[in-house]
Amino acid sequence: MSKIFICDNVYTTFVAIVMKVQMFSEDEVDIILNNRTPDSDSRAERLRKKNLFRNVYYFNTYDCYNDSRKVGPYCRKTKCMFMGCRKYTNQLVLDYTDIYTLHAECLTSAIVREINLLGKNVDIHFIEEGYGSYTKAFKDMEFDNLNRWRLLCESVAQKLLDVKLARSMVKDIYVFEPDLMMWNPQFPVKKIENPDFGRFPNLKDLINDVFCYNLAAKEYEGKKIIYFEDSFYQQSGDNSEPEIVDKLAVLVGKNNLLIKLHPRTRHNRFEGKYDTASVQGILWEVIAMNMPNDKKVTLVTIASGSIIGASLIFSKKMKSVMLYKCIPERERLLSPYNLDFLEKYTADYPEYLVLPESLDEAMVVIANEVDQTQNS
């Protein structure tokens, strides 16, 4: 029997590769990528050529997640969960005993349903998607504060269709740093082995090839500040970031600044004004993985969790400045539980992360970091 990873973004694709190489090297494992992020189709093809996974699937599931469509999102999700979604599941082998996924919606539930219809059982294992998975916000989203319409649909489907809910089949959650968990699951918290390039010497080259690191590497050279675009613009249309970036450019000089667009960005607001990383689909953790441990660069964002990824996974001591507390409260889209985690992380690891209370304070912190970089 076999395993399957369902990867909704570049981060979970990275996690799947690491786990396959270091933890499931002897197992038959499939993987699903989708078109929620740019370049996923070519990334799937590159991964397919590596022969690491038994099957590499690429599904066009963007419409399932795009809430701007006229049809209500829960109608689509309900159909996907409880009526099959066979245009995807018909392509799968369906001999899986284990599903590794970020959450238990849509495609995960559809696969569970098809396996159950074959008279077989399957276990679900959550995998982390950055620091959000460590917070109670993740618990609320997956298990507690569920939409009433969704709960009603699930209840009806259970009774009429004898459907087993995917959420009830979760056996554990895999994260890189179990000690940082800020909620108590009713199931075990297991550790993902941090990438060990000594034991697995081919792993780094494998990751670099799949994510096209060599195409992106030069863009990050010589930059003092890397600004990580947040997902708020994609979610709500909030457009406060250009003003922040303008202030950074005045502070350090625009030639010292690089914008890393959010992986789901489909419109570059900074094009023509500032340098932006052209290889959009590459994961920041892949860039950081290749940087020397003494690399001096300051990472800045409103709330992108990527800026602490390098410290979580590789213990890279890059100073990160998160501006989330500097923006008006009405524009803060994160759960308060996410802020709880960030404040605790800042207290425990002040060498990695700073959470300024105002933009003025942030600019002082960033200026000091840049000065230290120049003097080192």
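Summary of the structure given here. Quick caveat: nothing in here was measured; it's all calculated off a predicted structure. (Residues numbered from 1 in each chain as written. Predicted model: local features only at pLDDT ≥ 70, side-chain atom pairs only at ≥ 80, totals over all residues. Heavy atoms only, no water.)

**Re the overall build of the chain**
Under the convention used in this document: Under the scheme used here, helices are H or I runs from DSSP no shorter than 4 residues and strands are E runs no shorter than 2 residues, and both carry numbers assigned from the N terminus. We call a residue buried when its accessible area falls under 20% of the maximum for its residue type, exposed when it is over 50%, and partly exposed in between, using a 1.4 Å probe and counting protein chains only. Residue contacts are defined here by distance: any two heavy atoms, one from each residue, within 4.5 Å place the two residues in contact. Residue-level accessible areas treat just the shown protein chains as cover; the underlying method is Shrake-Rupley with a 1.4 Å probe.
Along the backbone of the chain there are 16 helices and twelve strands. Expressed as a percentage of its 376 residues, the buried residues of the chain come to 58%. Within the chain, contacts between residues at least 6 apart in sequence are counted, and of these 72% link residues at least 24 apart. By element, 47% of the accessible surface of the chain is carried by carbon and sulfur atoms, the whole surface being about 16700 Å².

**Structural notes on the side chain of E285**
Quick note on the threshold: For this count, His and the chain ends are skipped, Lys and Arg are scored as positive, and Asp and Glu as negative. For this analysis, a salt bridge means a side-chain nitrogen from Lys or Arg found within 4 Å of a carboxyl oxygen belonging to Asp or Glu.
For E285, the position within the fold is in helix α13 (residues 284-290). For the buried E285, no salt bridge is present, and the opposite-charge side chain at shortest range is K260, 7.3 Å distant. Not counting residues up to four positions away in its chain, the partners in contact with E285 are Y11, S306, G309, A310, I313 and F314.

**Quick word on the pairing of strand β8 (residues 225-228)**
Note the threshold: When DSSP finds two or more bridges between a pair of strands, those strands are recorded as paired.
The alternating pattern of β8 places I225 and Y227 and I226 and F228 on opposite faces, both of which are buried. Across four bridges, β8 lies against strand β9 (residues 257-260) in parallel orientation. Paired with I225 across the two strands is L257, which belongs to β9. Relative to strand β10 (residues 298-301), β8 is paired through four bridges, and the arrangement is parallel. Bridged to Y227 within β10 is V300.

**Overview of the pairing of strand β3 (residues 55-59)**
Put simply, the rule is: By the criterion used throughout, a crossover qualifies as right-handed when its path from the first strand across the helix to the second strand runs clockwise, the strands pointing away from the viewer.
Pairing of strand β2 (residues 29-34) with β3, which is carried by five bridges, proceeds in the parallel orientation. Note on β3: the bridge partner recorded for D30 is N55. This β-α-β element, β2 to helix α2 (residues 40-49) to β3, shows right-handed connectivity.

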